[in-house]
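Architecture at a glance
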Amino acid sequence: MNKRSFAYMTAALMLFIFIVFSWWVSREPAIMTEQIIQDQQTSSHTPTVGYTTTTALILVTETLLDKPGGYLSNDILPPFSLLDNMPAWEFGVLEMSRDLALAFRKDFSRSQSQSAENAFLKVAQPQFNIDHRSWAIPSAESEYRKAIEQLYLYRDALSDPSMPDSQFYARADNLRDWLKNVEKRLGSYSQRLSASVGQDRLNTDLAGDADARQSTNAPQRKLVKTSWWKIDDEFYEARGAAWALLHYLKAVEVDFADVLHRRNAMVSLQQIIRELEATQQPIWSPMVLNGSGFGVLANHSLVMANYISRANAALIDLSELLIQG
């Protein structure tokens, strides 16, 4: 074997190893809803309101850091720095987790607007907001783990009668405030996914309010189209956000069961969960396809947008049910 043949074989082998390794670290974690629910059942603690939702936030963020390949968003060396689908997925999970952590701090753990903040959540919530690409002094992983440690302390305090300042209030208004934020998040994902094929959008920013004003004038119509290089990133970010939200809503189903049953809203929540489960179906194509709406090839972004839009519509209905006495 001459040197040239050996070099070609070595390059081919290295490429094969890179492809296999990239596939391994880019695998999405499995759905863990049963594990979240069983965690309280197998715990030595007496079932406590808020335990399951806190466990969901802990388990989702731990999985973000400990999945195969670890946390990739802030890696600066090849081959990790060459991958973009998993970092996009991680960012979607992180955004949904940040929203829930904020809801814990300002709503779920407080009885009234004049009540004091929980000491554990006051430390945990800001640490989730570090730049997800920060790789040193401090690294994103180290800050997220500090937040998780505080969540463990908060969860333990929920079951400790000697710590009455740590509470979780499962009220309809608390749940609705968080869901309203989720609605906006899902609405944004739906719009961004739909832009994969390009859309001629009319300006509806001030629709419905004749007296409304905005800072600067905007065109009455504009063409919105996602860059070809960003289509897979938008898809995987939405997929990661839906994965995280699926776990959080399954936990809400447990902790807010009395509230949901009282307003006949449990079935609405379960329908949202079903729509989100559909977003996690396996992708059999080696890449995210971007065919036209009624073209020969599939358009994975439009399929994802469909499920997310349906989940968001049901979420809006659920929010309305929570208003009713």
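Everything below is about the structure shown above.
Reference entry: report on the structure contained in this document. (Residues numbered from 1 in each chain as written. Predicted model: local features only at pLDDT ≥ 70, side-chain atom pairs only at ≥ 80, totals over all residues. Heavy atoms only, no water.)

1. Some points on the nonpolar core
Note the following rule: As used here, the term nonpolar core means buried Ala, Val, Leu, Ile, Met, Phe, Trp, Tyr and Cys residues forming a set that is joined through side-chain atoms within 4.5 Å. The buried label applies to any residue whose accessible area, calculated with a 1.4 Å probe on protein chains only, is under 20% of its type's maximum; exposed applies above 50%, and partly exposed to all values in between. Residue contacts follow a heavy-atom distance rule, with two residues in contact if any of their heavy atoms lie within 4.5 Å.
In terms of nonpolar packing, the biggest core is built from 79 residues, with Trp-178, Tyr-248, Leu-249, Leu-260 and Leu-318 touching the most fellow members. Filtering out sequence-adjacent residues up to four positions away, Leu-260 remains in contact with Leu-175, Val-252, Glu-253, Ala-265, Met-266, Leu-269, Leu-318 and Leu-322.

2. Brief notes about the packing of helix H8 (residues 231-255) against helix H11 (residues 300-323)
What counts here: An axis is simply a line fitted to the C-alpha atoms; with a helix, the fit covers only the stretch in contact. Between two such axes, the angle follows the N-to-C directions and lies from 0 to 180 degrees. Counting from the N terminus, the helices are the DSSP runs of H or I reaching at least four residues and the strands are the DSSP runs of E reaching at least two. Roughly parallel means an angle under 35 degrees; roughly antiparallel, over 145; roughly perpendicular, 65 to 115; everything else is oblique. Take the far helix as your reference; a near helix turned counterclockwise from it by less than a right angle gives a left-handed crossing, and one turned clockwise gives a right-handed crossing.
Relative to each other, H8 and H11 sit at 30 degrees, their axes nearing to 10 Å. As judged from the angle between their axes, H8 and H11 are roughly parallel. Handedness of the H8/H11 crossing: left-handed. Side by side, H8 and H11 meet where Ile-231, Phe-235, Ala-238 and Arg-239 of the first sit next to His-300, Ser-301, Met-304 and Ile-308 of the second.

3. Looking at the packing of aromatic side chains
This is how the line gets drawn: Between 30 and 60 degrees the pair is tilted, below 30 it is stacked and above 60 it is edge-to-face, where a pair is any two Phe, Tyr or Trp rings, Trp via its six-membered ring, whose centres lie within 6.5 Å.
A complete count under the given rule lists 11 aromatic pairs for this structure. Aromatic side chains Tyr-71 and Tyr-144 sit 5.9 Å apart centroid to centroid with 85 degrees between the ring planes, which places their arrangement in the edge-to-face category. Here Tyr-144 lies in helix H6 (residues 140-158) and Tyr-71 lies in the loop between helix H3 (51-66) and helix H4 (85-108), a separation of 73 residues in the sequence. Judged by relative accessible area, Tyr-71 falls into the buried class, the value being 3%. Pairing Phe-128 with Tyr-144 gives two aromatic rings, centres 6.2 Å apart and planes at 25 degrees, and the pair type is stacked. Of this pair, Phe-128 sits in the loop between helix H5 (119-127) and H6 while Tyr-144 sits in helix H6; the two residues are 16 residues apart in sequence, bridging distant segments of the chain. Both residues of the pair, Phe-128 and Tyr-144, count as buried. Grouping aromatic residues by their ring pairs yields a cluster made of Phe-104, Phe-108, Tyr-154, Phe-168, Trp-178 and Phe-256.

4. Here we look at the side chain of Thr-48
Our working definition: Any pair of nitrogen or oxygen atoms within 3.5 Å is treated as a polar contact; in protein, a donor-acceptor pairing is required on top of that, and neighbouring residues in sequence qualify only through side-chain atoms on both sides.
Topologically, Thr-48 is positioned in the loop between helix H2 (33-41) and H3. Among the polar contacts listed, one links the side chain of Thr-48 to the side chain of Ser-159, at a separation of 3.1 Å.

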